[in-house]
Protein chains: 2
Amino acid sequence: MSKNQAKNQTYLAEATIHIRDHCLCLHAQRAARALARRFDDALRPHGITSGQFSLLNVLNRQEPVAMGPVAKFLAMDRSTLTANLKPLERQGLVSIEIDPEDRRSRKLLITAEGRKVLRAAVGVWKREHAALESEIGVDPEPLRAGLRAIA
Amino acid sequence: MSKNQAKNQTYLAEATIHIRDHCLCLHAQRAARALARRFDDALRPHGITSGQFSLLNVLNRQEPVAMGPVAKFLAMDRSTLTANLKPLERQGLVSIEIDPEDRRSRKLLITAEGRKVLRAAVGVWKREHAALESEIGVDPEPLRAGLRAIA
DNA sequence: CGGATATGTTTTGATATCAATATAATATTA
DNA sequence: TAATATTATATTGATATCAAAACATATCCG
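Visitor: Would you mind going over helix α5 (residues 78-90) of chain B in detail, with residue names and values included?
Guide: Residue and element names in this part refer to chain B. Relative to the 18 Å expected for 13 residues at 1.5 Å per residue, α5 spans 19 Å between its end C-alpha atoms, a close match to the ideal helical length. Buried within α5 are the following residues: L81, L85 and L88. End-on, the buried residues of α5 take up no more than an arc of 60°, which puts them together on one face. Of the residues in α5, the exposed ones pointing more than 90 degrees away from the buried face are K86 and R90. Lining the buried residues of α5 we find α3 (50-59), α4 (67-73), β1 (94-98) and β2 (106-110). Just downstream of α5 lies G92, where phi reads positive at about 80°.

Visitor: An account of the protein's contact with DNA strand C is requested, with residue identities and associated values reported.
Guide: Not every one of the 27 residues close to DNA strand C is listed here, only the nearest: R33, R37, T82 and R104 of chain A together with R90 of chain B. When atoms of DNA strand C within 4 Å of the protein are sorted by moiety, sugar and phosphate together comprise 79%. Between DNA strand C and the protein, one listed contact pairs a phosphate oxygen with a backbone N or O atom of M67 of chain A at 3.4 Å. The contact in question runs from a phosphate oxygen of DNA strand C to an N or O atom on the side chain of T49 of chain B, over 3.5 Å. Of all the secondary structure elements, the ones that give two or more residues to the surface near DNA strand C are α2 (24-43), α4 (67-73) and α5 (78-90) of chain A together with α5 of chain B. In terms of residues, the surface near DNA strand C owes the most to one element, α5 of chain B, which gives six residues.

Visitor: Tell me about the protein's contact with DNA strand D, and please be specific about residues and values.
Guide: Around DNA strand D, the structure places 28 residues, and the nearest of them are R104 of chain A together with R33, R37, T82 and R104 of chain B. In DNA strand D, atoms within 4 Å of the protein come from the sugar-phosphate backbone in 78% of cases. Between a phosphate oxygen of DNA strand D and a side-chain N or O atom of T80 of chain A, the distance comes to 2.9 Å. Those elements giving two or more residues to the surface near DNA strand D turn out to be α5 of chain A together with α2 (24-43), α4 and α5 of chain B.

Visitor: Can you lay out the environment of K116 of chain A for me, pointing to particular residues and giving the numbers?
Guide: Residue and element names in this part refer to chain A. With respect to the helices and strands, K116 occurs in helix α6 (residues 112-136). Using a relative accessible area of 59% as the deciding quantity, one classes K116 as exposed. For the pair K116 and D40, spaced 76 residues apart in the sequence, the C-alpha separation amounts to 18 Å.

Visitor: How would you summarise the relation of the copies chain B and chain A if you had to cite specific residues and measurements?
Guide: Rotating chain B by 180° about the axis while translating it 0.0 Å along that axis superimposes it on chain A, leaving an RMSD of 0.1 Å. Given the turn and translation reported, the copies of this chain are related as if by a two-fold rotation axis. Minimal C-alpha separation from the rotation axis in chain B is found for L143 of chain B, amounting to 2.4 Å. A shared interface surface links the copies, since 100% of the contact residues of chain B are contact residues in chain A too.

Visitor: Break down the environment of N84 of chain B for me, with residues and values.
Guide: Residue and element names in this part refer to chain B. Along the chain, the position of N84 falls in helix α5. Distance from N84 to S105, taken between C-alpha atoms, is 17 Å for residues 21 residues apart in sequence. When neighbours within four sequence positions are excluded, N84 is seen to be in contact with L55 and M76.

Visitor: Quick one: what's the story with the side chain of S50 of chain B, residue by residue and with numbers?
Guide: Turning to its location among the elements, S50 of chain B is positioned in helix α3. For S50 of chain B, a relative accessible area of 7% gives the class buried. Once residues within four sequence positions are removed from consideration, S50 of chain B is found in contact with C25 of chain A together with A36, F39, D40 and L43 of chain B.

Visitor: Help me get a handle on the state of the cysteines, residues and values and all.
Guide: Residue and element names in this part refer to chain A. Scanning all chains against the criterion turns up zero disulfides over all chains. Sulfur of C25: no disulfide; nearest cysteine sulfur belongs to C23 and is 5.1 Å away. Overall, C25 belongs to the buried group, its relative accessible area being 2%.

Visitor: Help me get a handle on the packing of α2 of chain A against helix α7 (residues 140-150) of chain B, residues and values and all.
Guide: For the pair α2 of chain A and α7 of chain B, interaxial distance at closest approach is 8 Å and the crossing angle is 35°. For the pair α2 of chain A and α7 of chain B, the sense of crossing is left-handed. Here L24, H27, A28, R30, A31, A34 and L35 of chain A of α2 of chain A come into contact with α7 of chain B, specifically with P140, L143, R144, L147, R148 and I150 of chain B. Per-class residue counts for the contact of α2 of chain A with α7 of chain B are nine nonpolar, one polar and three charged.

Cut-offs used in this document
- Residues numbered from 1 in each chain as written.
- Chains lettered and ligands numbered in written order.
- Predicted model: local features only at pLDDT ≥ 70, side-chain atom pairs only at ≥ 80, totals over all residues.
- Heavy atoms only, no water.
- Helix = DSSP H or I, 4+ residues; strand = E, 2+ residues; numbered from the N terminus.
- Expected span 1.5 Å × (residues − 1).
- Buried < 20%, exposed > 50% of the residue type's maximum accessible area, 1.4 Å probe, protein only.
- Arc of directions from axis to C-beta.
- Contact = heavy atoms within 4.5 Å.
- Near = heavy atom within 4 Å.
- Polar contact = N/O pair within 3.5 Å; in protein donor to acceptor, adjacent residues only side chain to side chain.
- Least-squares fit on C-alpha atoms with pLDDT ≥ 70 in both.
- Disulfide = S-S within 2.5 Å.
- Axes fitted to C-alpha atoms, helices over the stretch in contact; angles between N-to-C directions.
- Left-handed = near helix turned anticlockwise from the far one by under 90°.
- Nonpolar A, V, L, I, M, F, W, Y, C, P; charged D, E, K, R; others polar.

Structural data, given as C-alpha coordinates:
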(Lines give C-alpha, C1' and ligand atoms only; values in the text may rest on other atoms or scores of the structure.)
Protein backbone atom coordinates (compact mmCIF):
# COMPACT_ATOMS: atom_id res chain seq x y z
CA MET A 1 0.00 0.00 0.00
CA SER A 2 1.38 3.45 -0.92
CA LYS A 3 1.74 6.25 1.60
CA ASN A 4 -1.18 8.08 0.01
CA GLN A 5 -3.47 5.07 0.14
CA ALA A 6 -2.61 4.64 3.82
CA LYS A 7 -3.40 8.31 4.49
CA ASN A 8 -6.70 8.02 2.68
CA GLN A 9 -7.74 4.98 4.67
CA THR A 10 -6.80 6.68 7.93
CA TYR A 11 -8.76 9.77 6.95
CA LEU A 12 -11.81 7.69 6.07
CA ALA A 13 -11.56 5.52 9.18
CA GLU A 14 -11.43 8.59 11.40
CA ALA A 15 -14.27 10.27 9.56
CA THR A 16 -16.57 7.25 9.83
CA ILE A 17 -15.94 6.93 13.56
CA HIS A 18 -16.75 10.61 13.99
CA ILE A 19 -19.92 10.24 11.94
CA ARG A 20 -21.08 7.14 13.83
CA ASP A 21 -20.79 9.11 17.06
CA HIS A 22 -22.11 12.51 15.96
CA CYS A 23 -24.47 12.25 13.00
CA LEU A 24 -27.83 13.65 14.09
CA CYS A 25 -29.52 12.03 11.11
CA LEU A 26 -28.29 8.58 12.15
CA HIS A 27 -29.14 9.17 15.81
CA ALA A 28 -32.60 10.47 14.92
CA GLN A 29 -33.36 7.45 12.72
CA ARG A 30 -32.25 5.06 15.46
CA ALA A 31 -34.38 6.79 18.08
CA ALA A 32 -37.33 7.01 15.68
CA ARG A 33 -37.13 3.28 14.97
CA ALA A 34 -36.84 2.35 18.64
CA LEU A 35 -39.74 4.59 19.64
CA ALA A 36 -41.96 3.44 16.79
CA ARG A 37 -41.40 -0.19 17.76
CA ARG A 38 -42.12 0.58 21.40
CA PHE A 39 -45.37 2.44 20.75
CA ASP A 40 -46.42 0.03 18.00
CA ASP A 41 -46.17 -2.74 20.59
CA ALA A 42 -48.08 -0.79 23.20
CA LEU A 43 -50.85 0.22 20.79
CA ARG A 44 -51.18 -3.15 19.03
CA PRO A 45 -54.12 -4.25 21.25
CA HIS A 46 -56.04 -1.27 19.88
CA GLY A 47 -55.32 -2.14 16.26
CA ILE A 48 -53.34 0.97 15.34
CA THR A 49 -49.66 1.80 14.88
CA SER A 50 -47.77 4.67 16.48
CA GLY A 51 -47.93 6.63 13.24
CA GLN A 52 -51.68 6.09 12.93
CA PHE A 53 -52.07 7.22 16.54
CA SER A 54 -50.21 10.44 15.77
CA LEU A 55 -52.33 11.03 12.70
CA LEU A 56 -55.60 10.43 14.56
CA ASN A 57 -54.39 12.88 17.18
CA VAL A 58 -53.80 15.54 14.58
CA LEU A 59 -57.21 14.96 13.02
CA ASN A 60 -59.05 15.15 16.35
CA ARG A 61 -60.30 18.69 15.90
CA GLN A 62 -63.67 20.38 15.74
CA GLU A 63 -63.16 21.61 12.19
CA PRO A 64 -61.97 19.32 9.37
CA VAL A 65 -58.47 20.00 8.03
CA ALA A 66 -57.00 19.77 4.54
CA MET A 67 -54.11 17.50 3.67
CA GLY A 68 -51.51 20.19 3.10
CA PRO A 69 -51.38 21.52 6.66
CA VAL A 70 -51.48 18.03 8.13
CA ALA A 71 -48.57 16.86 5.98
CA LYS A 72 -46.67 19.99 6.93
CA PHE A 73 -47.30 19.52 10.63
CA LEU A 74 -46.13 15.91 10.42
CA ALA A 75 -43.13 16.95 8.31
CA MET A 76 -44.04 14.36 5.72
CA ASP A 77 -44.54 14.36 1.98
CA ARG A 78 -48.14 14.87 0.87
CA SER A 79 -48.07 11.59 -1.00
CA THR A 80 -47.05 9.81 2.20
CA LEU A 81 -50.09 11.25 3.91
CA THR A 82 -52.29 9.98 1.08
CA ALA A 83 -50.86 6.50 1.66
CA ASN A 84 -51.19 6.71 5.45
CA LEU A 85 -54.85 7.66 5.27
CA LYS A 86 -55.79 4.52 3.34
CA PRO A 87 -55.67 1.95 6.15
CA LEU A 88 -57.38 4.39 8.51
CA GLU A 89 -60.16 5.01 6.01
CA ARG A 90 -60.54 1.29 5.35
CA GLN A 91 -60.90 0.70 9.11
CA GLY A 92 -63.50 3.47 9.26
CA LEU A 93 -61.48 5.67 11.61
CA VAL A 94 -61.26 8.68 9.29
CA SER A 95 -63.29 9.98 6.40
CA ILE A 96 -62.01 11.90 3.41
CA GLU A 97 -64.35 14.26 1.59
CA ILE A 98 -63.94 16.54 -1.37
CA ASP A 99 -64.02 20.15 -0.25
CA PRO A 100 -67.01 21.75 -2.04
CA GLU A 101 -65.26 25.16 -1.83
CA ASP A 102 -62.26 23.84 -3.79
CA ARG A 103 -62.79 20.51 -5.45
CA ARG A 104 -59.03 19.82 -5.61
CA SER A 105 -58.86 19.82 -1.84
CA ARG A 106 -59.90 17.13 0.67
CA LYS A 107 -61.41 17.57 4.10
CA LEU A 108 -60.06 15.09 6.62
CA LEU A 109 -62.28 14.07 9.53
CA ILE A 110 -61.93 11.62 12.36
CA THR A 111 -65.06 9.45 12.69
CA ALA A 112 -66.97 8.57 15.86
CA GLU A 113 -65.30 5.15 15.72
CA GLY A 114 -61.94 6.87 15.27
CA ARG A 115 -62.56 8.94 18.40
CA LYS A 116 -63.45 5.79 20.30
CA VAL A 117 -60.19 4.10 19.33
CA LEU A 118 -58.23 7.29 20.00
CA ARG A 119 -59.79 7.70 23.42
CA ALA A 120 -58.70 4.20 24.43
CA ALA A 121 -55.25 4.63 22.90
CA VAL A 122 -54.66 7.85 24.84
CA GLY A 123 -54.62 5.80 28.03
CA VAL A 124 -51.94 3.55 26.61
CA TRP A 125 -49.92 6.55 25.47
CA LYS A 126 -49.99 8.17 28.90
CA ARG A 127 -48.69 5.05 30.62
CA GLU A 128 -46.09 4.31 27.99
CA HIS A 129 -44.82 7.86 27.64
CA ALA A 130 -44.50 8.31 31.39
CA ALA A 131 -42.50 5.08 31.53
CA LEU A 132 -40.32 6.26 28.66
CA GLU A 133 -39.54 9.61 30.25
CA SER A 134 -38.60 8.00 33.52
CA GLU A 135 -36.44 5.40 31.76
CA ILE A 136 -34.30 7.64 29.60
CA GLY A 137 -32.85 9.39 32.63
CA VAL A 138 -32.35 12.75 30.95
CA ASP A 139 -34.45 15.88 31.02
CA PRO A 140 -36.85 15.44 28.07
CA GLU A 141 -37.26 19.18 27.51
CA PRO A 142 -33.97 19.93 25.73
CA LEU A 143 -34.53 16.80 23.70
CA ARG A 144 -37.98 17.97 22.63
CA ALA A 145 -36.59 21.44 21.93
CA GLY A 146 -33.89 19.98 19.71
CA LEU A 147 -36.34 17.79 17.83
CA ARG A 148 -38.66 20.76 17.32
CA ALA A 149 -35.77 22.84 16.00
CA ILE A 150 -35.04 20.17 13.40
CA ALA A 151 -38.57 19.62 12.16
CA MET B 1 -75.14 16.29 23.73
CA SER B 2 -75.23 14.92 27.28
CA LYS B 3 -73.03 16.28 30.04
CA ASN B 4 -70.92 13.12 29.94
CA GLN B 5 -70.38 13.28 26.20
CA ALA B 6 -69.26 16.88 26.58
CA LYS B 7 -66.83 15.91 29.32
CA ASN B 8 -65.43 13.09 27.22
CA GLN B 9 -64.86 15.36 24.27
CA THR B 10 -63.16 17.96 26.45
CA TYR B 11 -60.94 15.27 27.98
CA LEU B 12 -59.98 13.94 24.56
CA ALA B 13 -59.42 17.40 23.08
CA GLU B 14 -57.10 18.34 25.92
CA ALA B 15 -55.26 15.03 25.72
CA THR B 16 -54.65 15.30 21.99
CA ILE B 17 -53.28 18.83 22.34
CA HIS B 18 -50.94 17.65 25.06
CA ILE B 19 -49.81 14.70 22.94
CA ARG B 20 -49.22 16.85 19.85
CA ASP B 21 -46.93 19.06 21.92
CA HIS B 22 -45.13 16.47 24.03
CA CYS B 23 -45.03 13.05 22.35
CA LEU B 24 -41.38 12.13 21.89
CA CYS B 25 -42.35 9.44 19.40
CA LEU B 26 -44.15 11.96 17.20
CA HIS B 27 -41.34 14.51 17.52
CA ALA B 28 -38.70 11.90 16.76
CA GLN B 29 -40.54 10.70 13.64
CA ARG B 30 -40.89 14.28 12.40
CA ALA B 31 -37.23 15.05 12.94
CA ALA B 32 -36.20 11.73 11.41
CA ARG B 33 -38.27 12.44 8.30
CA ALA B 34 -36.95 15.97 7.93
CA LEU B 35 -33.33 14.89 8.38
CA ALA B 36 -33.65 11.93 6.04
CA ARG B 37 -35.06 14.20 3.32
CA ARG B 38 -32.32 16.74 3.88
CA PHE B 39 -29.46 14.24 3.70
CA ASP B 40 -31.11 12.26 0.90
CA ASP B 41 -31.09 15.48 -1.12
CA ALA B 42 -27.50 16.28 -0.29
CA LEU B 43 -26.27 12.76 -1.06
CA ARG B 44 -28.34 12.23 -4.22
CA PRO B 45 -25.46 13.28 -6.53
CA HIS B 46 -23.51 10.34 -5.11
CA GLY B 47 -26.30 7.85 -5.75
CA ILE B 48 -26.95 6.85 -2.14
CA THR B 49 -29.58 7.70 0.46
CA SER B 50 -28.97 8.89 4.01
CA GLY B 51 -29.74 5.42 5.34
CA GLN B 52 -27.33 3.81 2.90
CA PHE B 53 -24.68 6.34 3.91
CA SER B 54 -25.13 5.39 7.57
CA LEU B 55 -24.91 1.71 6.73
CA LEU B 56 -21.75 2.15 4.64
CA ASN B 57 -20.27 4.06 7.56
CA VAL B 58 -20.96 1.21 9.93
CA LEU B 59 -19.46 -1.31 7.51
CA ASN B 60 -16.28 0.70 6.97
CA ARG B 61 -14.10 -1.35 9.31
CA GLN B 62 -10.96 -3.42 8.94
CA GLU B 63 -12.71 -6.62 9.97
CA PRO B 64 -16.00 -7.78 8.44
CA VAL B 65 -19.04 -7.73 10.74
CA ALA B 66 -22.03 -10.03 11.03
CA MET B 67 -25.60 -8.82 10.55
CA GLY B 68 -26.72 -9.16 14.16
CA PRO B 69 -24.41 -6.52 15.65
CA VAL B 70 -25.03 -4.14 12.76
CA ALA B 71 -28.81 -4.40 13.14
CA LYS B 72 -28.43 -3.84 16.86
CA PHE B 73 -26.22 -0.78 16.41
CA LEU B 74 -28.69 0.70 13.96
CA ALA B 75 -31.62 -0.20 16.27
CA MET B 76 -33.38 -1.90 13.39
CA ASP B 77 -34.95 -5.29 12.85
CA ARG B 78 -32.61 -7.87 11.32
CA SER B 79 -35.00 -8.37 8.45
CA THR B 80 -34.83 -4.64 7.69
CA LEU B 81 -31.08 -4.91 7.44
CA THR B 82 -31.44 -7.83 5.01
CA ALA B 83 -33.63 -5.61 2.84
CA ASN B 84 -31.34 -2.59 3.13
CA LEU B 85 -28.31 -4.54 1.99
CA LYS B 86 -29.91 -5.55 -1.30
CA PRO B 87 -29.61 -2.26 -3.21
CA LEU B 88 -26.09 -1.75 -1.87
CA GLU B 89 -25.06 -5.22 -2.97
CA ARG B 90 -26.67 -4.72 -6.37
CA GLN B 91 -24.70 -1.48 -6.80
CA GLY B 92 -21.52 -3.32 -5.82
CA LEU B 93 -20.88 -1.20 -2.72
CA VAL B 94 -21.00 -4.06 -0.23
CA SER B 95 -20.44 -7.79 -0.43
CA ILE B 96 -22.15 -10.45 1.66
CA GLU B 97 -20.36 -13.70 2.27
CA ILE B 98 -21.21 -16.81 4.20
CA ASP B 99 -19.02 -17.06 7.27
CA PRO B 100 -17.02 -20.30 6.91
CA GLU B 101 -16.76 -20.53 10.71
CA ASP B 102 -20.54 -20.55 11.09
CA ARG B 103 -22.43 -21.10 7.90
CA ARG B 104 -25.61 -19.51 9.32
CA SER B 105 -23.85 -16.20 9.61
CA ARG B 106 -22.94 -13.63 6.98
CA LYS B 107 -19.86 -11.46 6.81
CA LEU B 108 -20.62 -7.94 5.62
CA LEU B 109 -17.88 -6.05 3.82
CA ILE B 110 -17.68 -2.68 2.14
CA THR B 111 -16.07 -2.98 -1.30
CA ALA B 112 -13.38 -0.78 -2.82
CA GLU B 113 -16.12 0.91 -4.85
CA GLY B 114 -18.13 1.35 -1.65
CA ARG B 115 -15.18 3.07 0.00
CA LYS B 116 -14.84 5.34 -2.99
CA VAL B 117 -18.48 6.41 -2.78
CA LEU B 118 -18.27 6.73 1.01
CA ARG B 119 -15.16 8.87 0.78
CA ALA B 120 -16.90 11.32 -1.54
CA ALA B 121 -20.08 11.30 0.54
CA VAL B 122 -18.17 12.13 3.72
CA GLY B 123 -17.38 15.53 2.25
CA VAL B 124 -21.07 16.16 1.63
CA TRP B 125 -21.92 15.03 5.15
CA LYS B 126 -19.39 17.39 6.73
CA ARG B 127 -20.77 20.40 4.90
CA GLU B 128 -24.39 19.49 5.45
CA HIS B 129 -24.03 18.54 9.10
CA ALA B 130 -22.14 21.71 9.93
CA ALA B 131 -24.90 23.72 8.24
CA LEU B 132 -27.53 21.78 10.17
CA GLU B 133 -25.90 22.35 13.53
CA SER B 134 -25.55 26.04 12.91
CA GLU B 135 -29.16 26.31 11.70
CA ILE B 136 -30.93 24.60 14.56
CA GLY B 137 -29.75 27.21 17.02
CA VAL B 138 -29.58 24.89 20.02
CA ASP B 139 -26.69 23.05 21.58
CA PRO B 140 -26.61 19.71 19.74
CA GLU B 141 -25.04 17.83 22.66
CA PRO B 142 -28.11 17.43 24.88
CA LEU B 143 -30.06 16.48 21.77
CA ARG B 144 -27.56 13.76 20.90
CA ALA B 145 -27.54 12.61 24.52
CA GLY B 146 -31.31 12.32 24.51
CA LEU B 147 -31.36 10.42 21.25
CA ARG B 148 -28.68 8.05 22.53
CA ALA B 149 -30.67 7.46 25.70
CA ILE B 150 -33.66 6.41 23.61
CA ALA B 151 -31.90 4.09 21.22
C1' DC C 1 -63.25 33.47 -23.33
C1' DG C 2 -59.20 30.53 -23.41
C1' DG C 3 -54.55 29.25 -23.02
C1' DA C 4 -50.87 29.31 -19.62
C1' DT C 5 -49.76 28.78 -14.96
C1' DA C 6 -50.38 27.44 -10.31
C1' DT C 7 -52.21 24.43 -6.73
C1' DG C 8 -53.89 20.03 -4.41
C1' DT C 9 -54.02 15.22 -4.59
C1' DT C 10 -53.03 10.66 -6.45
C1' DT C 11 -50.29 7.19 -8.76
C1' DT C 12 -46.08 4.75 -9.63
C1' DG C 13 -41.81 2.75 -8.53
C1' DA C 14 -38.10 2.28 -5.39
C1' DT C 15 -36.47 1.86 -0.75
C1' DA C 16 -37.54 1.26 4.36
C1' DT C 17 -39.78 -0.85 8.27
C1' DC C 18 -41.55 -4.47 11.18
C1' DA C 19 -43.83 -8.96 12.79
C1' DA C 20 -44.53 -13.49 11.80
C1' DT C 21 -43.03 -17.30 9.70
C1' DA C 22 -39.78 -20.20 7.30
C1' DT C 23 -35.21 -22.03 6.40
C1' DA C 24 -30.67 -23.36 7.52
C1' DA C 25 -27.06 -24.49 10.55
C1' DT C 26 -25.14 -24.99 15.14
C1' DA C 27 -25.39 -26.47 19.90
C1' DT C 28 -27.38 -29.18 23.57
C1' DT C 29 -28.85 -33.08 25.71
C1' DA C 30 -30.93 -37.42 26.41
C1' DT D 1 -25.64 -40.31 17.98
C1' DA D 2 -30.32 -38.65 17.34
C1' DA D 3 -33.87 -35.65 18.78
C1' DT D 4 -34.51 -31.08 20.49
C1' DA D 5 -33.50 -26.47 21.18
C1' DT D 6 -31.15 -22.36 19.88
C1' DT D 7 -29.21 -19.08 16.75
C1' DA D 8 -28.70 -16.45 12.25
C1' DT D 9 -30.68 -15.05 8.28
C1' DA D 10 -34.34 -14.78 4.62
C1' DT D 11 -39.10 -14.46 2.98
C1' DT D 12 -43.75 -12.67 3.04
C1' DG D 13 -47.23 -9.31 3.62
C1' DA D 14 -48.59 -4.97 5.41
C1' DT D 15 -47.57 -0.21 6.26
C1' DA D 16 -44.33 3.88 5.61
C1' DT D 17 -41.48 6.96 2.93
C1' DC D 18 -40.14 9.90 -0.86
C1' DA D 19 -39.55 11.84 -5.74
C1' DA D 20 -41.34 12.24 -10.09
C1' DA D 21 -44.98 12.23 -13.01
C1' DA D 22 -49.87 12.31 -13.83
C1' DC D 23 -54.34 14.18 -12.99
C1' DA D 24 -57.79 17.44 -11.65
C1' DT D 25 -59.22 21.87 -10.58
C1' DA D 26 -58.59 26.71 -9.97
C1' DT D 27 -56.59 31.16 -11.05
C1' DC D 28 -54.43 34.52 -13.99
C1' DC D 29 -54.00 37.26 -17.81
C1' DG D 30 -54.06 38.52 -22.66
